[in-house]
Amino acid sequence: MNALPSIRGCLVALAMACLAGCASPPPAMQVVPLPVLPQGPVDMRVAYAVNPRLPRMDAAQLQLLLASMGEAVRQNFGIELRFSPVTEVPIASLFATIPARRRDDAARDSYDFKSGRGDRARLDKAFTEGFRSSGESMEAMRAFALPHTGPIAPGDTAFGARIAALQLERVALWSSRQALDGGPAIDNTPFNEFPMWLALGFGDVPYELVLTNQLIAGVELTWPAVHTAVRGGYSNGITTYSRLARYGTVSVWSTYAFGSNDAQLVQLRGGESYTPHEAARLAGLSGAHEIGHQLLHLLHPYGQAACLMHPVEMLAYRDWASKLSPRDCPVGSSPAMTPGVYKFEY
Ligand SMILES: [Zn+2]
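Bear in mind the structure is a predicted one, so any value in this text is a computation, not a measurement.

K.L.:
Explanation requested: the overall build of the protein in the structure shown.
P.N.:
Of regular secondary structure, the protein possesses twelve helices and seven strands. Whereas a compact globule of 346 residues would reach a radius of gyration of roughly 20 Å, the protein reaches 19 Å, a difference of no more than 12%. Its C-alpha atoms give the protein principal-axis dimensions of roughly 55 × 45 × 40 Å. In the protein, 78% of the contacts between residues at least 6 apart in sequence involve partners at least 24 apart.

K.L.:
Looking at this model, I keep getting lost on unusual backbone geometry. Mind explaining?
P.N.:
What you tend to see is this: most non-glycine residues have negative phi, and most peptide bonds are trans. Unlike most non-glycine residues, W223 shows phi in positive territory, near 45°. Turning to its location among the elements, W223 is positioned in the loop between β5 (209-212) and α9 (226-230).

K.L.:
Just to check I follow, could you spell out the sheet that holds strand β7 (residues 249-254) for this structure?
P.N.:
The strands that make up a sheet are held in pairs by hydrogen bonds between backbone atoms, and each pair lies either parallel or antiparallel. Ordered by their spatial adjacency, five strands build an open sheet running β4-β2-β5-β7-β6, and the pairing between neighbours is mixed. For this open sheet the edge positions go to β4 (87-90) and β6 (237-241), each flanked by a neighbour on one side alone. When the angles between neighbouring strand axes are averaged without regard to direction, this sheet yields 25°. Lying over the sheet, helix α11 (residues 276-296) contacts β6 and β7, oriented at roughly 165° with respect to β7.

K.L.:
What's the story with the pairing of β5 in this structure? I'm lost.
P.N.:
Burial of β5 is two-sided: the residues L209 and L211 facing one way and the residues V210 and T212 facing the other way are all buried. Across four bridges, the pairing between strand β2 (residues 46-50) and β5 is parallel. In the strand pairing of β5, Y48 is matched with L211. In terms of strand pairing, β5 meets β7 through four bridges, oriented parallel. Opposite V210, over in β7, you have V252 as the bridge partner.

K.L.:
So what exactly am I meant to see when it comes to the packing of helix α6 (residues 138-149) against helix α7 (residues 156-175) here?
P.N.:
Two packed helices can be described by the angle between their axes and the distance between those axes. Packing of α6 against α7 brings their axes to within 11 Å, and their N-to-C directions diverge by 40°. Taken together, α6 and α7 sit at an angle that is classed as oblique. For the crossing formed where α6 meets α7, the hand is left-handed. Between α6, through M138, R142, A145, H148 and T149, and α7, the contact on the second element is made entirely by D156, F159, R162, I163 and L166. Taken together, the residues that form the contact of α6 with α7 break down as five nonpolar, two polar and three charged.

K.L.:
Just checking my understanding: could you explain helix α2 (residues 59-77) for this structure?
P.N.:
An α-helix turns once per 3.6 residues; consequently, residues spaced three or four apart project the same way. Its 19 residues give α2 an end-to-end C-alpha distance of 26 Å, which sits within 8% of 27 Å, the value for a rise of 1.5 Å per residue. Among all positions of α2, only Q61, L62, L64, L65, L66, S68, M69, G70, A72, V73, N76 and F77 are buried. For α2, the elements touching its buried residues are β2, β3 (81-83), β5 and α11. Of the residues one or two after α2, G78 is the one with positive phi, at around 65°.

K.L.:
Even after reading the chapter, I still don't get the pairing of β6, so can you show me in this structure?
P.N.:
Two faces make up the sheet, and in a regular strand the side chains alternate between them. For β6, the tally of buried residues reaches five of five residues, placing the bulk of the element in the interior. Judged from the five bridges that link them, β6 and β7 form a sheet pairing that is antiparallel. Looking at the pairing, T240 lines up with V250 of β7.

K.L.:
Would you explain helix α5 (residues 120-132) in this entry?
P.N.:
Over its 13 residues, α5 extends 18 Å from the first C-alpha to the last, a length consistent with the 18 Å expected when each residue adds 1.5 Å. Inspection of α5 places L123, A126, F127, T128, G130 and F131 among the buried residues, and these make up the whole buried set.

K.L.:
Explanation requested: the packing of α2 against α11 in the structure shown.
P.N.:
Running from N to C, α2 and α11 cross one another at 45°; their axes reach a closest spacing of 7 Å. By the angle between their directions, the pair α2 and α11 is classed as oblique. When you trace α2 past α11, the crossing you get is right-handed. Taken together, the residues of α11 that come into contact with α2 (itself represented by Q61, L64, L65, L66, A67, S68, M69, A72, V73, N76 and F77) are P276, H277, A280, R281, A283, G284, L285, G287, A288, I291, G292 and L296.

K.L.:
Help me understand the confidence of the model for the protein in this model?
P.N.:
Do not read the predicted coordinates in detail wherever pLDDT is low. In this model, the protein carries an average pLDDT of 91, and 92% of its residues clear a pLDDT of 70 or more. Segment residues 1-24 is flagged for pLDDT under 50; beyond a separation of four residues in sequence, or across chains, it makes 59 contacts in the model.

K.L.:
For this particular structure, what's the right way to read the nonpolar core?
P.N.:
Generally speaking, a soluble globular protein has its nonpolar side chains buried in company with each other. Counting 96 residues, the largest nonpolar core has L65, W197, L200, V210 and L215 as its most contacted members. No other element matches the nine residues that α11 contributes to this core. Not counting the four nearest positions on each side in its chain, L215 is found in contact with L54, W174, A185, I186, N192 and Y256.

K.L.:
Just to check I follow, could you spell out the environment of S115 for this structure?
P.N.:
Structurally, the position occupied by S115 is in the loop between α4 (100-109) and α5. As a C-alpha pair, S115 and N188 span 73 residues in sequence and 8.9 Å in three-dimensional space.

So, how was this worked out
The residue count restarts for each chain, going from 1 along the sequence in the order it is written. Under the rules for a predicted model, residues below a pLDDT of 70 receive no local features and side-chain atom pairs below 80 are neither given nor counted, while totals for whole chains, interfaces and linings still include all residues. Here a strand is any run of E in DSSP of at least two residues, a helix any run of H or I of at least four, and the numbering for each starts at the N terminus. Radius of gyration: over C-alpha atoms. The globule rule applied is 2.2 Å multiplied by the number of residues raised to the 0.38 power. Contact between two residues is assigned whenever their backbone-derived C-beta positions fall within 7 Å. Two strands are said to pair when DSSP picks up at least two bridges between them. Here the axes come from fitting lines to C-alpha atoms, over the contacting stretch only for helices, and the angles between their N-to-C directions go from 0 to 180 degrees. Exposure is read from a count of other C-beta atoms within 10 Å of each residue's own; the residue is exposed at 12 or fewer, buried at 20 or more and partly exposed in between. C-beta atoms are placed from the backbone. Just so you know how the angles are binned, under 35 degrees is roughly parallel, over 145 roughly antiparallel, 65 to 115 roughly perpendicular, and the rest oblique. Rotating anticlockwise by less than a right angle from the far helix to the near helix defines a left-handed crossing, while the corresponding clockwise rotation defines a right-handed one. Following the grouping adopted for this structure description, the nonpolar residues are Ala, Val, Leu, Ile, Met, Phe, Trp, Tyr, Cys and Pro, the charged ones are Asp, Glu, Lys and Arg, and the polar ones are all others, Gly among them. A helix is expected to span 1.5 Å for every residue after the first. Values of pLDDT, which run from 0 to 100, indicate the predictor's confidence residue by residue. Buried Ala, Val, Leu, Ile, Met, Phe, Trp, Tyr and Cys residues form a nonpolar core when they are connected through C-beta atoms within 7 Å.

Take a look at the structure:
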């Protein structure tokens, strides 16, 4: 479990029950077995979970996205995917299938940054303790954060509080974005909350791939990560336990950050603007990363830019894609690229 925070900021997540405020000890964890893949194509049931308040990709873009994802999975992992037709589902009806207990747990894990009534002292403490027990080097985390925070006073408490403040400042940039109806992109629904997406796998989600136009960004009381904080709690994707998925996990991939070229997004992309065509192509290529988590249980080979499993820098997907070289990062070429290295517990 100690390895979790280093990947929490990126795209894999354990499904966890009852991390905050448990009344009783959590049940023993089980581990999703490494998939035994069929000869021939691997079938993927695909949904597009649509929040009608937010911009979305059209059918042609979704087809381009899937073609690009399939090509990337073939080139990088030697696996042939066969996608079902895309089932469009309203995001609300998908979330309605999350069992009440899981929903409550997820709500408890989410810090209420929307109402202004969140308990800041509790958040600071959660971040401090989370970093302390992360098993990661405090020096390395401070060095990573420095360009974003400036110097921070010594001590774990000051660090935890400063990173919590950074994530709150930056999630405010996400929540101040406008929806199509002119209201805030992040409203009172829980669709933006990362723990809710973890809980979704306990609902009725008979898909291997859930594309969504939802903006997923928030602040959690569990598993803080500096990488997450600098992005304002933004996640582009998640691969997590799923009760009904063929191989035991579902990959979620958001098209939201690819969809427009406003100042905030372009800045997060290091200046990149995308045409609708390139947006769909890059969304598919980068979403293929999640398939590496799902089908091969791979991790992140940090510092190896040739690898599809190397996480993107902020949201600069064109730059990230330009450095990929499947030939230079075959499956099995490093510990992070070894099938089964990641354990999906649930
Ligand atoms: Zn990842």
